[in-house]
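Coordinate analysis (summary)
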Amino acid sequence: MGLIAWLIIGGLAGWIAGHIMRGGGFGILGNIGVGVVGAVIGGFIFDQVLGVGTGGFLGSLVTAIVGAVVLLWVIAKVRQA
């Protein structure tokens, strides 16, 4: 996947995850960062844990959103401790 596609998917995933987890986004760079890291986490979850492969733009976006939500949930739990 091209760099531009990674940035678009990362930005969208981070923005959506931000709204799911705390009601707002993190700015464009924050959204991209959360989304790209979330894509890596989501890819691991879907591939290694669930054994499900995802493909295409929509599959990549869903994977990144799930991973970003998990990332934000873990960060929230660490901050509480």
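Calculation rules
- Residues numbered from 1 in each chain as written.
- Predicted model: local features only at pLDDT ≥ 70, side-chain atom pairs only at ≥ 80, totals over all residues.
- Heavy atoms only, no water.
- Helix = DSSP H or I, 4+ residues; strand = E, 2+ residues; numbered from the N terminus.
- Rg over C-alpha atoms; globule rule 2.2 N^0.38 Å.
- Core = buried A, V, L, I, M, F, W, Y, C linked by side-chain atoms within 4.5 Å.
- Buried < 20%, exposed > 50% of the residue type's maximum accessible area, 1.4 Å probe, protein only.
- Contact = heavy atoms within 4.5 Å.
- Axes fitted to C-alpha atoms, helices over the stretch in contact; angles between N-to-C directions.
- Parallel < 35°, antiparallel > 145°, perpendicular 65-115°, else oblique.
- Nonpolar A, V, L, I, M, F, W, Y, C, P; charged D, E, K, R; others polar.

Brief notes about the overall build of the protein
- Within the protein, the regular secondary structure consists of three helices and zero strands.
- Ordered by position in the sequence, the α and β elements of the protein form the string α-α-α.
- Relative to its length of 81 residues, the protein is compact, with a C-alpha radius of gyration of 12 Å against a globular reference of 12 Å.
- If you line up the protein on its principal axes, its C-alpha atoms span 35 × 30 × 15 Å.

Here's the deal with the nonpolar core
- If you look at the biggest cluster of nonpolar residues, it comprises six residues: I9, A13, A39, L61, A64 and I65.
- Elements with a minimum of two residues in this core: helix 1 (3-22) and helix 3 (56-80).
- In terms of residue count, the dominant contributor to this core is helix 3 (three residues).
- Leave out the neighbours within four places in its chain, and A13 touches G35, L61, A64, I65 and A68.
- Ranked by size, the runner-up nonpolar core spans five residues in total, among them A17, V34, A68 and L71.

Some details on the packing of helix 2 (residues 27-49) against helix 3
- Running from amino to carboxyl end, helix 2 crosses helix 3 at an angle of 105°, the nearest separation of the two axes being 6 Å. One element, helix 2, and the other, helix 3, form an angle in the roughly perpendicular class. Across from V34, G35, V37, G38, A39, I41, G42, G43, I45 and F46 in helix 2, the residues of helix 3 making contact are T63, A64, V66, G67, A68, V70, L71 and L72.
- For the contact of helix 2 with helix 3, the class distribution of residues is twelve nonpolar, six polar and no charged.

What about the environment of G10?
- Of note, G10 is situated in helix 1.
- Considering only alpha carbons, one finds G10 and G33, 23 residues apart in sequence, at a separation of 6.9 Å.
- Contacts of G10, omitting those with residues within four sequence positions, involve N31, I32, G35 and V36.

Overview of the environment of F46
- You can see F46 is positioned in helix 2.
- F46 sits in the buried class, given a relative accessible area of 15%.
- The spacing of F46 and V66 is 20 residues in sequence and 9.3 Å in space, taken between C-alpha atoms.
- Those residues in contact with F46, other than ones at most four positions away along the chain, are G51, V52, T54, T63 and V66.

Note that every value here comes from positions in space, so none of it alone points to a role or purpose.
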